[in-house]
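Notes for the structure review
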Amino acid sequence: MTTGGWPAGGSPAGFPLARPRRLRRTPALRRLVSDVRLHPADLILPAFVKEGVSEPVPVGSMPGVVQHTRDSLRKAAAEAAEAGVGGIILFGVPAQKDARGSAADDPDGIVQLAIADLVSEVGGSMVIMADLCLDEYTDHGHCGLLTETGDVDNDVTLERYASIAVAQARAGVEVVAPSGMMDGQVGAIRAALDGAGYPELPILAYSVKYASAFYGPFREAAECAPQFGDRAGYQQDPARSAAEALREVALDLAEGADAVMVKPALAYLDVLRAVADAVDVPVAAYQVSGEYAMVEAAAANGWVDRDRIINETLTAIHRAGADLILTYWATEVAQKLRRA
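The following refers to the structure shown.

Calculation rules
Residues numbered from 1 in each chain as written. Predicted model: local features only at pLDDT ≥ 70, side-chain atom pairs only at ≥ 80, totals over all residues. Heavy atoms only, no water. Phe/Tyr/Trp six-rings, centres within 6.5 Å; stacked < 30°, edge-to-face > 60°. Helix = DSSP H or I, 4+ residues; strand = E, 2+ residues; numbered from the N terminus. Buried < 20%, exposed > 50% of the residue type's maximum accessible area, 1.4 Å probe, protein only. Lys NZ or Arg CZ within 6 Å of the ring centre and 35° of its normal. Patch = residues over 30% accessible without salt bridge, like charges linked within 9 Å, V, L, I, M, F, W, Y side chains within 5 Å. Areas by Shrake-Rupley, 256 points an atom, 1.4 Å probe, with all protein chains shown as cover. Salt bridge = Lys/Arg side-chain N within 4 Å of Asp/Glu carboxyl O. Lys, Arg positive; Asp, Glu negative; His and termini not counted. Charge placed at Lys NZ, Arg CZ, Asp CG, Glu CD. 1 Å grid on protein atoms, 1.4 Å probe; cavity = no way out; pocket = protein on both sides within 12 Å on 5 of 7 lines; lining within 4 Å. Points joined across faces, edges and corners; volume = space filled by probe spheres on them. Nonpolar A, V, L, I, M, F, W, Y, C, P; charged D, E, K, R; others polar.

Section: the packing of aromatic side chains
Scanning all chains against the criterion turns up eight aromatic pairs. Taking the centre distance of 5.6 Å and the plane angle of 35 degrees together, the rings of phenylalanine 48 and phenylalanine 91 count as tilted. On the criterion of sequence distance, the pair formed by phenylalanine 48 in strand β3 (residues 43-50) and phenylalanine 91 in strand β6 (residues 87-93) is long-range, its members being 43 residues apart. On the basis of relative accessibility, which here comes to 0%, the residue phenylalanine 48 falls in the buried class. With a relative accessible area of 2%, phenylalanine 91 lands in the buried category. Taking the centre distance of 6.1 Å and the plane angle of 45 degrees together, the rings of tyrosine 286 and tyrosine 328 count as tilted. Pair noted here: tyrosine 286 is in strand β11 (residues 283-286) and tyrosine 328 is in the loop between β12 (324-326) and α11 (330-339), with a separation of 42 residues, a long-range link. Each member of the pair, tyrosine 286 as well as tyrosine 328, is classed as buried. Sitting above the plane of the tyrosine 215 ring, lysine 209 keeps its charged end 6.0 Å from the centroid.

Structure follows, in structure tokens:
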């Protein structure tokens, strides 16, 4: 009989018999027994494409990230595909915005054109996805159409989402990813896609999206900061437990979602774990702009080891249950994994 790894009465030599450190002694041993492994195909690269620019535009709050031209986007996608990155998800920045986000479903809108470019450039070698929302396209910066009192009109907005989904499908997108957190959005999109002849097109639902301060740099990159108020009325409250997240997930799955997402990632690993334990579909997590920017800023000041922090955070997200990880480091990390 033993107690806590020690023989009854203690070890004659005074040492423990169980030594977990034995399997940690060398890099080769640690690799051999690791049970959480990142793979390039697990990663999805978020990319911004801007209408009307002749050169990529650096995003000040996200070092290394740019608003792409169509040509530079093609090159970035090809580089990611060569590294083995599993997918790319597009966010559009149109030249003109209006109250209803007309550019979002325009056949000649920037995202539809970029989707077609990527189908030609990397089709078959990585999954081409598109964010499906209105905040990048509306002049007020909210994720839907507004009532006369300035509230987001949920049900009227669903009609716009349905139209955007069909426009993206016609352009050749392989996954649509609705992020607006409108009630019923997955069902409306599924019905529209099926009715337009795209029953095979998957939906990756942003099922669990919190009203987070971690989105700040993204709003610079996508030029989508709300012109008044905030999005707390439709995005989830960080102070709620995982029970609300699981309800949102269940509703989206019942409406036809093929995969679900938790966003942000690192501050919500408990929620991510709860979702992963509850569902039998792929679970994605978005390592959002604020997470990226904080690491880059701290590393630039010499306060943290950049490469180790990137690997550690991605490993934590994967360990918590994410099958897929959206990260701005996707190509860089995939290239390193391929060399390892």
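And the narrative resumes.
Considerations on a positive patch on the surface
Together, Arg19, Arg21, Arg22 and Arg24 make up a region of like positive charge exposed at the surface. Among the structural elements, arginine 21 can be located in the loop between β2 (6-7) and α1 (27-33). For arginine 21, a relative accessible area of 67% corresponds to the exposed category.

Regarding the pattern of salt bridges
Summed over all chains, the structure comprises 15 salt bridges. Between aspartate 307 and lysine 336 there is a salt bridge; the shortest N-O distance is 3.0 Å. Separated by 29 residues along the polypeptide, aspartate 307 in helix α10 (residues 306-319) and lysine 336 in helix α11 bring together distant segments of the chain. Overall, lysine 336 belongs to the partly exposed group, its relative accessible area being 32%. Taken together, the shared-partner salt bridges in this structure form one network comprising Glu296, Arg306, Asp307, Glu332 and Lys336.

A few points about the layout of surface pockets
Volume-wise, the largest pocket comes out at about 840 Å³. Residue lining of the largest pocket: 22 residues in total, with Val36, Leu38, Asn311, Thr315 and Leu337 positioned closest to the centre. Elements represented by at least two residues in the lining of the largest pocket include exactly α1, α10 and α11. Of the residues forming the lining of the largest pocket, the biggest block, nine residues, is contributed by α10. Residues that form the lining of the largest pocket fall into these classes: nine nonpolar, three polar and ten charged. Surrounding the second largest pocket, 22 residues form its lining, Met181, Met182, Asp183, Tyr234 and Glu248 being those nearest its centre. Those elements that provide at least two residues to the lining of the second largest pocket are α5 (185-195) and α7 (242-255).

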